[in-house]
Amino acid sequence: MALLAENPKSKIQNPKSEDGDTRFLDPRVIARISNIELVARFIVQGFLIGLHRSPYHGFSSEFSSYRKYAKGDSFKFIDWKVVARSDRIYIKQFEENTNTRCHILLDASASMRFGGEGALPDGESAGIQKWIYARNLSAALAYLMIHQSDAAGLVVFRDGPAQMIPAKSSNVHLHQIYQALSRTQPGSSTDTEKGLAGLPERLPQRGLIVLISDLLDDPAKIIAGLKGFRIRRHEVILFHLLAPEERDFPYRDNIEFVDAEINQILVTQSSYIADEYRSALGAHIETIRRFCRQNDIDFVPLTTSDLLSTALLAYLNKRQRSF
């Protein structure tokens with residue numbers, strides 16, 4: 001059941017619109033910007049600036065064909081292995097990069113509307129709506145992929161046939177992805193198996209699959225949706241996105257919970273069901289995590305209060321290891 005609970009809205013200051021500002025890695029800050037193209041650029045440039053602020057140690061003569069990253073350099077020649085070992089960015093001057101076909105699979109079911117309504121009962125920030133976080137992350141990933149000269153595609157799925165933009169590597173194509181993300185709104189119920197049905201067959205060339213979802217579905221359907229990609233030797237990274245309230249269930253009072261997808265209502269004393277909820281959620285996650293571990297799928301848990309750099313670095317590590 002997807003949760004909905006009433007809380008007062010929080011307020012933050014408007015961010016300055018300057019490139020390379022690491023504040024844009026905060027999902028609450030970047031959520032105040034409505035232009036998807038700016039969102040993607042600010043997130044990625046803030047990520048790169050944040051990575052190279054600390055000095056890099058242990059740089060030997062083995063790397064004599066590298067130079068420091070400068071603003072405006074193509075992402076194509078960044079050595080992400082060096083980035084993964086440090087927080088300094090260097091450009092490969094003489095090595096060519098292998099192009100990869102990447103597809104972002106984005107859950108647009110109604111449960112993704114949840115989150116971001118003020119503070120939690122214990123005073124912790126509630127982050128932002130799951131959809132806004134997932135949409136902004138998708139835009140940033142597409143920007144990063146295409147600026148590395150990889151091909152990026154977008155698949156939006158719910159409980160029926162998915163909407164697909166095939167992977168290409170041009171800036172014109174990137175703007176098509178931005179437009180699709182801007183137009184799309186979460187709605188309908190979740191059926192991961194139906195939503196992803198037929199997709200592996202439509203992607204005959206081996207590539208990288210990036211799935212972003214709250215995984216509020218039958219684990220058997222989620223697993224069935226993932227199996228086809230691994231059978232066809234696609235590499236897969238799964239970002240499991242929850243709001244802090246869903247993960248921790250901090251509620252204590254008598255609250256009305258509304259299922260965001262089927263409008264079923266449950267009125268209960270929250271403290272009576274808290275332990276059972278946490279146990280059920282933990283078992284649900286462990287079932288999916290175990291499948292991922294057994295099938296070489298990277299499982300990355302996220303909440304809507306996590307910095308976006310967490311996801312970007314996980315993606316880059318996966319890409320560097322796999323291709």
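A quick note: this is a predicted structure, and the numbers were derived from the prediction, not measured.

A.B. asks: Could you give an account of the overall build of the protein chain, naming the residues involved and the relevant values?
C.D. replies: The helix and strand tally for the protein chain stands at eleven helices and ten strands. Each of the 323 residues in the protein chain was classed as buried or not, and the buried ones make up 54%. In the structure as shown, the protein chain presents an accessible area of about 14,700 Å², 47% of it carried by carbon and sulfur atoms.

A.B. asks: Can you tell me about the packing of aromatic side chains, naming the residues and giving the values?
C.D. replies: Applying the stated criterion across every chain, the model contains five aromatic pairs. Note on Tyr-251 and Phe-257: the rings are 5.6 Å apart at their centroids and 70° apart in plane angle, and the pair reads as edge-to-face. In this pair, the class of Tyr-251 matches that of Phe-257, namely buried. Within the aromatic cluster, the residues linked to one another by ring pairs are Phe-249, Tyr-251, Phe-257 and Tyr-277. Sitting above the plane of the Phe-24 ring, Arg-23 keeps its charged end 5.9 Å from the centroid.

A.B. asks: Hey, could you go over the sheet that holds strand S4 (residues 151–157) for me, with residue numbers and the actual values?
C.D. replies: Pairing is mixed across the open sheet formed by six strands, whose spatial order is S5-S4-S3-S6-S7-S10. The open sheet has two edge strands, strand S5 (163–168) and strand S10 (298–303), and neither has a second partner. Ignoring which end each strand starts from, the neighbouring axes of this sheet average 15° apart. For strand S3 (residues 101–107) and S4, the ladder comprises seven bridges, and the chain directions are parallel. Across the sheet, the residue bridging to Arg-101 is Ala-151, located in S4.

A.B. asks: Lay out the pairing of S5 in plain terms, naming residues and giving numbers.
C.D. replies: In terms of strand pairing, S4 meets S5 through four bridges, oriented antiparallel. Note on S5: the bridge partner recorded for Val-156 is Gln-163. The hairpin formed by S4 and S5 contains five residues between the paired strands.

A.B. asks: Describe the nonpolar core, naming the residues involved and giving the relevant values.
C.D. replies: Leu-137, Leu-141, Leu-154, Val-210, Ile-212, Phe-239 and Tyr-315 are the most contacted members of the largest nonpolar core, which totals 60 residues. With 13 residues, helix H4 (residues 130–147) is the largest single contributor of residues to this core. In this structure Phe-239 touches Leu-137, Leu-141, Val-210, Leu-211, Ile-212, Ser-213, Val-300, Leu-302, Ala-311, Ala-314 and Tyr-315, once residues within four positions along its chain are discounted. Grouped together as the second largest cluster of nonpolar side chains are 32 residues, Phe-229, Val-236, Tyr-251 and Cys-292 included.

A.B. asks: Go over unusual backbone geometry with me, naming the residues and quoting the values.
C.D. replies: A positive phi angle, near 75°, is found at Ser-188, a position not held by glycine. As for its placement among the helices and strands, Ser-188 is situated in the loop between helix H5 (171–183) and helix H6 (192–196). Its identity is not glycine, yet Phe-249 carries a phi of approximately 45°, on the positive side. With respect to the element layout, Phe-249 can be found in the loop between helix H9 (244–248) and strand S8 (254–258).

A.B. asks: Please set out helix H11 (residues 308–322) residue by residue, giving values where relevant.
C.D. replies: With 15 residues, H11 ought to run about 21 Å at 1.5 Å a step, and its terminal C-alpha atoms sit 22 Å apart, in line with that. With eleven of 15 residues buried, H11 is to be regarded as a mostly interior element. Within H11, burial applies to Leu-308, Ser-309, Ala-311, Leu-312, Ala-314, Tyr-315, Leu-316, Lys-318, Arg-319, Gln-320 and Ser-322.

A.B. asks: Can you lay out the pattern of salt bridges for me, pointing to particular residues and giving the numbers?
C.D. replies: Going through the model one piece at a time under the given rule, you end up with 14 salt bridges. One salt bridge connects Arg-247 with Asp-248, and the closest N-O pair in it is separated by 2.7 Å. The partly exposed category is assigned to Arg-247, whose relative accessible area is 37%. Across the salt bridge formed by Arg-293 and Glu-286, the nearest N and O atoms sit 3.4 Å from each other. One salt-bridge network, in which partners are shared between bridges, spans Arg-206, Glu-235, Asp-298, Lys-318 and Arg-321.

A.B. asks: If you had to explain the side chain of Thr-268 to someone new, which residues and values would you point to?
C.D. replies: Residue placement: Thr-268 occurs in strand S9 (residues 265–269). Classification of Thr-268 by relative accessible area gives buried; the value is 13%. Excluding residues that lie within four positions of it along the chain, Thr-268 makes contacts with Asp-253, Asn-254, Ile-255, Phe-257 and Ile-273.

A.B. asks: Outline the packing of helix H8 (residues 219–231) against helix H10 (residues 270–294), listing residues and values.
C.D. replies: Taken N-terminus to C-terminus, the directions of H8 and H10 make an angle of 20°; their axes are 10 Å apart at the nearest point. Considered as vectors, H8 and H10 are oriented roughly parallel to each other. Helix-helix and strand crossings are classified by hand; for H8 and H10 the assignment is right-handed. Facing H8, whose interface residues are Pro-219, Ile-222, Ile-223, Leu-226 and Lys-227, H10 presents His-284, Thr-287, Ile-288 and Phe-291. Residues of the contact of H8 with H10, tallied by class, amount to six nonpolar, two polar and one charged.

A.B. asks: Can you tell me about the side chain of Asp-298, naming the residues and giving the values?
C.D. replies: Looking at the element boundaries, Asp-298 is found in strand S10. Sequence-distant contacts of Asp-298, that is, excluding residues within four places in its chain, are made with Val-236, Ile-237, Leu-238, Lys-318 and Arg-321.

Thresholds, definitions, all that
- Residues numbered from 1 in each chain as written.
- Predicted model: local features only at pLDDT ≥ 70, side-chain atom pairs only at ≥ 80, totals over all residues.
- Heavy atoms only, no water.
- Helix = DSSP H or I, 4+ residues; strand = E, 2+ residues; numbered from the N terminus.
- Buried < 20%, exposed > 50% of the residue type's maximum accessible area, 1.4 Å probe, protein only.
- Areas by Shrake-Rupley, 256 points an atom, 1.4 Å probe, with all protein chains shown as cover.
- Phe/Tyr/Trp six-rings, centres within 6.5 Å; stacked < 30°, edge-to-face > 60°.
- Lys NZ or Arg CZ within 6 Å of the ring centre and 35° of its normal.
- Pairing = 2+ DSSP bridges.
- Axes fitted to C-alpha atoms, helices over the stretch in contact; angles between N-to-C directions.
- Core = buried A, V, L, I, M, F, W, Y, C linked by side-chain atoms within 4.5 Å.
- Contact = heavy atoms within 4.5 Å.
- Expected span 1.5 Å × (residues − 1).
- Salt bridge = Lys/Arg side-chain N within 4 Å of Asp/Glu carboxyl O.
- Parallel < 35°, antiparallel > 145°, perpendicular 65-115°, else oblique.
- Left-handed = near helix turned anticlockwise from the far one by under 90°.
- Nonpolar A, V, L, I, M, F, W, Y, C, P; charged D, E, K, R; others polar.

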